[in-house]
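Understanding the architecture of this molecule
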Amino acid sequence: MPAKRSQNSSSSVKSSPQPRQSGASARKGEPPSTSQDIRASFLRFFEERDHYRLPSSSLIPPSDDPTVLLTTAGMQQMIPYFLGRVTPPSTRLTSVQKCFRTTDIDEVGDASHLTFFEMLGNFAVGAYFKREAIAYAWELMTLVYKLPPERLFPTVHPDDDEAPGYWQEVAGIPADGITRLGDNWWGPPGASGPCGPDSEIYYDRGVEFGCGEADCAPGCDRCERYLEVWNLVFMQYYQDIDGTRTLLKQPNIDTGMGLERLTMVLQGKNSVFETDLFRPIIDKFATLAHTNYGENAEHDRSLRVIADHGRALVFLAGDGVLPSNTGRGYIFRRVLRRAVRYGRMLGLEGLFLAEAADTVIGLMKGHYEELAARRDQIVDIISTEERRFNQTLTLGMQMLTRELDALEKAGKHEVPGELAFKLYDTHGFPVELTAEVARERGMTVDRAGYDGAMLRQQEQQAKSGHIFVREQEEEAWAKVSNGLPTTRFTGYEGELGSSAIVAMLVNGKPADEVSAPQAAALVLEETPFYAEAGGQMGDHGMIGSQTGIFQVSDTQRPVPGLIVHYGTMIEGHLRVGSEVRAEVDAMRRQAIMRNHSATHLLHLALKDILGKQVHQQGSLVAPDRLRFDFNMTRPLAAEELREIDQQVNSAVLANHLVRTEIMPYQEALATGAMALFSEKYGDTVRVVTMGASKELCGGTHVAATGQIGLYLTTQEAGTAAGIRRVEALTGTGAEMFVHRRNDLVSGLAGRLQTTPDALADRVRQLQEELNEARRSLAAVQRNQAREEATRLAASPTEVNGVPLVAAVVSAPDVKTLGEMSDGIRSRLGSGVILLATENDGQAQFIVTIDDALTKRGLNAGKIAAAVAERLGGRGGGRPNSAQGGSNDARNLRATIAEAGALIA
Ligand code: SER
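Since the model is a prediction, treat every value here as computed from it, not as a measurement. (Residues numbered from 1 in each chain as written. Predicted model: local features only at pLDDT ≥ 70, side-chain atom pairs only at ≥ 80, totals over all residues. Heavy atoms only, no water.)

**Quick notes on the packing of aromatic side chains**
Rules: Pairing of aromatic side chains here covers Phe, Tyr and the six-membered ring of Trp, requires ring centres within 6.5 Å, and sorts the geometry by plane angle: under 30 degrees stacked, over 60 edge-to-face, intermediate tilted. By the criteria applied, helices consist of DSSP H or I runs no shorter than four residues and strands consist of E runs no shorter than two, each listed in order from the N terminus. Residue exposure (1.4 Å probe, protein chains only): buried if accessible area is under 20% of the type maximum, exposed if over 50%, otherwise partly exposed. Look at NZ for Lys and CZ for Arg. If either is within 6 Å of the ring centre and within 35 degrees of the ring normal, a charge sits over the ring.
Summed over all chains, the structure comprises 21 aromatic pairs. When the ring of Phe45 is compared with that of Tyr136, the centres are 6.4 Å apart and the planes differ by 90°; the resulting orientation is edge-to-face. Highlighted residues: Phe45 in helix 1 (residues 35–47) and Tyr136 in helix 3 (residues 130–144), separated in sequence by 91 residues. Each of the two residues, Phe45 as well as Tyr136, counts as buried. With a centroid separation of 4.1 Å and an interplanar angle of 15°, the aromatic rings of Phe116 and Phe315 are classed as stacked. Of this pair, Phe116 sits in strand 3 (residues 116–125) while Phe315 sits in helix 7 (residues 297–318), placing them 199 residues apart in sequence. Across the pair, exposure class does not vary: Phe116 and Phe315 are buried alike. It is Arg49 that lies over the ring of Phe45; its NZ or CZ is 3.7 Å from the centre. Looking at Arg686, its charged tip hangs above the ring of Tyr492, at a distance of 3.5 Å from the centre.

**Describing the environment of Met632**
Heads up, the condition is: Contacts: residue pairs with any heavy atoms within 4.5 Å of one another.
By the element assignment, Met632 lies in the loop between strand 23 (626–631) and helix 17 (638–653). For Met632, a relative accessible area of 9% gives the class buried. Along the backbone, Met632 and Cys697 are 65 residues apart, and their C-alpha atoms lie at a distance of 23 Å. In contact with Met632, not counting residues within four places along its chain, are Leu610, Val614, Gly722, Ile723 and Arg724.

**What to know about the pattern of salt bridges**
Where side chains of opposite charge bring their charged atoms close, a pairing between them can arise. Going by this rule: Any carboxyl oxygen of Asp or Glu that lies within 4 Å of a side-chain nitrogen of Lys or Arg is treated as forming a salt bridge with it.
Under the defined criterion, the tally for this structure stands at 39 salt bridges. Between Arg634 and Glu640 there is a salt bridge, and its shortest N-O distance comes to 2.8 Å. Look at Arg634 and you get partly exposed, because its relative accessible area is 36%. Across the pair Arg870 and Glu898 runs a salt bridge whose closest N-O atoms are separated by 3.1 Å. Here Glu898 lies in the loop between helix 24 (892–897) and helix 25 (899–903) and Arg870 lies in helix 23 (residues 860–871), a separation of 28 residues in the sequence. Residue Arg870 is classed as partly exposed on the basis of its relative accessible area of 42%.

**Quick word on the side chain of His701**
What counts, and what does not: Counted as a polar contact is a pair of N or O atoms within 3.5 Å, where, for protein atoms, one must be capable of donating a hydrogen and the other of accepting one, and residues adjacent in sequence contribute only when both atoms are in side chains.
If you trace the backbone, His701 turns up in the loop between strand 26 (693–696) and strand 27 (711–720). Given the relative accessible area of 13%, His701 is considered buried. In terms of polar contacts, His701 uses its side chain to reach the side chain of Ser597, at 2.9 Å.

**Looking at the pairing of strand 25 (residues 684–690)**
Rule in force here: DSSP bridges decide pairing: two strands pair if at least two such bridges lie between them.
Of all seven residues in strand 25, six are buried, a share of seventy percent or more. When strand 24 (residues 658–664) meets strand 25, the two strands line up antiparallel, connected through seven bridges. If you follow Met663 over to strand 25, its bridge partner there is Val685. Bridging between strand 25 and strand 26 involves four bridges; their strand directions are antiparallel. Among the inter-strand pairings, Val688 is bridged to a residue of strand 26, identified as Glu695.

**A closer look at the nonpolar core**
Here is a general trend for soluble globular proteins: nonpolar side chains tend to be buried in one another's company. Stated formally: By nonpolar core is meant a set of buried Ala, Val, Leu, Ile, Met, Phe, Trp, Tyr and Cys residues that side-chain atoms within 4.5 Å join together.
Core analysis: the largest hydrophobic core is formed by 146 residues, its most contacted members being Tyr145, Trp230, Ile382 and Trp477. Beyond its immediate stretch of four places on either side in the chain, Tyr145 contacts Pro31, Pro32, Ile38, Ser41, Phe42, Leu140, Met257, Leu262 and Leu266. Membership of the second largest hydrophobic core comes to 26 residues, among which are Leu606, Leu636, Ala651 and Val688.

**Comments concerning the sheet that holds strand 32 (residues 842–849)**
Counted only if it meets this: A fitted line through C-alpha atoms represents every axis, and for helices the fit uses only the stretch in contact; the resulting angles, taken between N-to-C directions, go from 0 to 180 degrees.
With respect to topology, six strands assemble into an open sheet ordered 29-30-31-32-34-33, the strand pairing being mixed. Of all the strands in the sheet, just strand 29 (797–799) and strand 33 (874–877) have a single pairing partner and so form its edges. In this sheet, neighbouring strand axes are inclined to one another by 20° on average, regardless of whether the strands run parallel or antiparallel. Strand contacts of helix 23: strand 31 (832–839), strand 32, strand 33 and strand 34 (881–886), with the helix running at about 160° to strand 32, the strand carrying the most contacts.

**Notes on the confidence of the model for the protein**
This is how the line gets drawn: For every residue, the predictor states its confidence as a pLDDT score lying anywhere from 0 to 100.
On average, residues of the protein score 88 in pLDDT, and 94% of them are at 70 or above. The least confident element of the protein, judged by mean pLDDT, is helix 15 (residues 471–480) at 68; the most confident is strand 3 at 98. Taken as a whole, residues 1–15 scores under 50 in pLDDT and shows 59 contacts with residues more than four places along the chain or in a different chain. Note on residues 21–26: pLDDT under 50 across the span, and nine contacts to partners over four residues away in sequence or across chains.

**A word on the state of the cysteines**
Put simply, the rule is: Cysteine sulfur atoms are paired as a disulfide whenever they come within 2.5 Å of each other.
On inspection of all chains with the given rule, the structure shows zero disulfides. Free cysteine Cys99: the closest other cysteine sulfur is in Cys195, separated by 18 Å. Assessed through its relative accessible area of 0%, Cys99 is described here as buried.

Written out as structure tokens, the structure is:
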């Protein structure tokens, strides 16, 4: 497959391979031609050779694999098998895996690069190695897919002296016909993991696609003649984070072939976008854009980009990836935004990606049933984000254009990193987009500066406790755990156990002994401690023996199969090998169990009351509360919340027994059990049933729903676009909440000299009294103002023969000033009236002049402006009426006293 790391120092040794003659005897019948048949015949071929078919895992990797954001290869769900941590259902496996890679995103739009793609794979966990893998691949390619052998070119790693011999044996290809490539090395997919040399099969598309150079061969990066279609990886090493490689317990096989590329070859097309996997999507977008594919090279490229991105978004949303500013949510956002931008180049506006979602679903639902089942949700997620980005795009683009203009004027060619970050942070403008727009003007972006700004923000967040980094430790565990068996969890049955310590880390490094007061992380052979998973928090408690006591403050599963107890030695010492007693904090665990069981009842109630389209998007099960996120585009009504509480509480009162069963995944789904689509499930699953609720779940639960006690929703709010969050309490937590509310109500009633039942009436009565008091006060103030107006009207001064009343009066607002001014005018007749007032250190004033005087050239607006200027504020208006004010009333009295001079 295209994304590959050059993990090896050996240089490429390239030479033109010799042309070959066809030799294989063909099998009867036509090769499969539709993508559906190609997929099916791959799986059938390996099933016929005793391979067990695994369903594609989710694009969201299992939560215990922290090293990758999205599933990038078929081998990812096999890692625990390769490392010997989990026993596979068979040592021969096959799958068609949904994959997503960002590595090639800039190349998407050419003939063969994609973000989302399907990977056909066969895997051997020690069952066979190079020879068989090569033989299977050759047989399938030449006899089932009937590709002409003379067009197939294998490559091998320069240090691999075995593979060329097998290619000769199986396919009759001599050693000098095989290209040795330094980058024929695959993995690990994350920071650490399994890896090994590989052998790749290239398909020769023909000289017409070549560069014509003498050394043109598979791996040539000048032309598109040789297309890499299948990668056979000889997974025999484990590589840790510092690059050290150790041999795995057994050598494994991991192969991956891109369905889209194979289909392109078998359907004789010039690009993956012309195959039946893409053509309907391309045509849909072309119709929306009122164009045709194949008319304009520029448009075609945009159509290919949005076809890839649009399809990828459907699969991402279908697996529960939601747009956000971090991690895989950011990938979703970035892909959507890139697609919108390419869409605009085609004149596509509005919600075109959401509109095309049904085309993608219709095309793919045959093999990926989940797409049809989650159709509404997929469209909802895409359209919400698309709408949102459309709004900000216009704004951000304007800002970027302005900034680029300014940079250009200043003769600069680099966009400062801080600016790129600001665009991202405040306008949601991805840095890749900034770079693309900049590139169109021949400018670059200071990526280091951008990364620096991003890092500073992340550090800021980490400091405030948002991110908990335990990466280094994960590495240490990955190393330590290589020889350890899977930790057995005994905590479903109880909270006590005895076991032996099998490994420990002190200061993040493997150790043999830990003494008080050191912090450490311990692994036991078996444990009743539940490791955080599925939203349920890890257990607390004690681990101890005669020699010492370790206090557990968290339990996690940093690498698959390993339960790790984090905490501190509070007394004595413990050694690896010590027999210990493990004791979970039972009160805390019971509180967690109540909340977890309540979460299931809540989930069902939400579906029953709000509709089947409601899906869980996340949850937190803590001892003191539970939190549940689900998809919904509007706030819940009070009656709905009440109904939800009632349904949960009646299930509690019914005291249903909580039953758990282990059964095959498919069977569990058939019983109607609810599964979370962001979760990866194994072949056998645990089904938890309580009354009408039935969910796949590995968590710990109460024995009967009556133990949950009171259930109480305490909050409902929106978190992200299209996601609502409910917080709730159970058991004693809910009781305490009710008591606190009760105390509050009683306290308030006491203060207001009434009873809790009469509190509402009392408050209403007090509000009426308050309003009445306000009304009386205003009447008194108006009376006072009238009297003051009469007084002022009686003694005007004169400026050049014009009567003037200028005074600072007490008035609560401008409206009262206006009323006073009217009062003065009716007594004064012609004249200039300037009234000001001061409240809370701020000045307000009005100026009025009768029409006769305005005709003589006097102007209230100009006077207001002049007064305001002296006050350091603002003022203005019409010739006969104007007003103004200032935040600083210190000069007010002096200014009004000098009003005569000002007007003169
Ligand atoms: N892991 C290899 C790849 O992704 C083969 O499956 O190419």
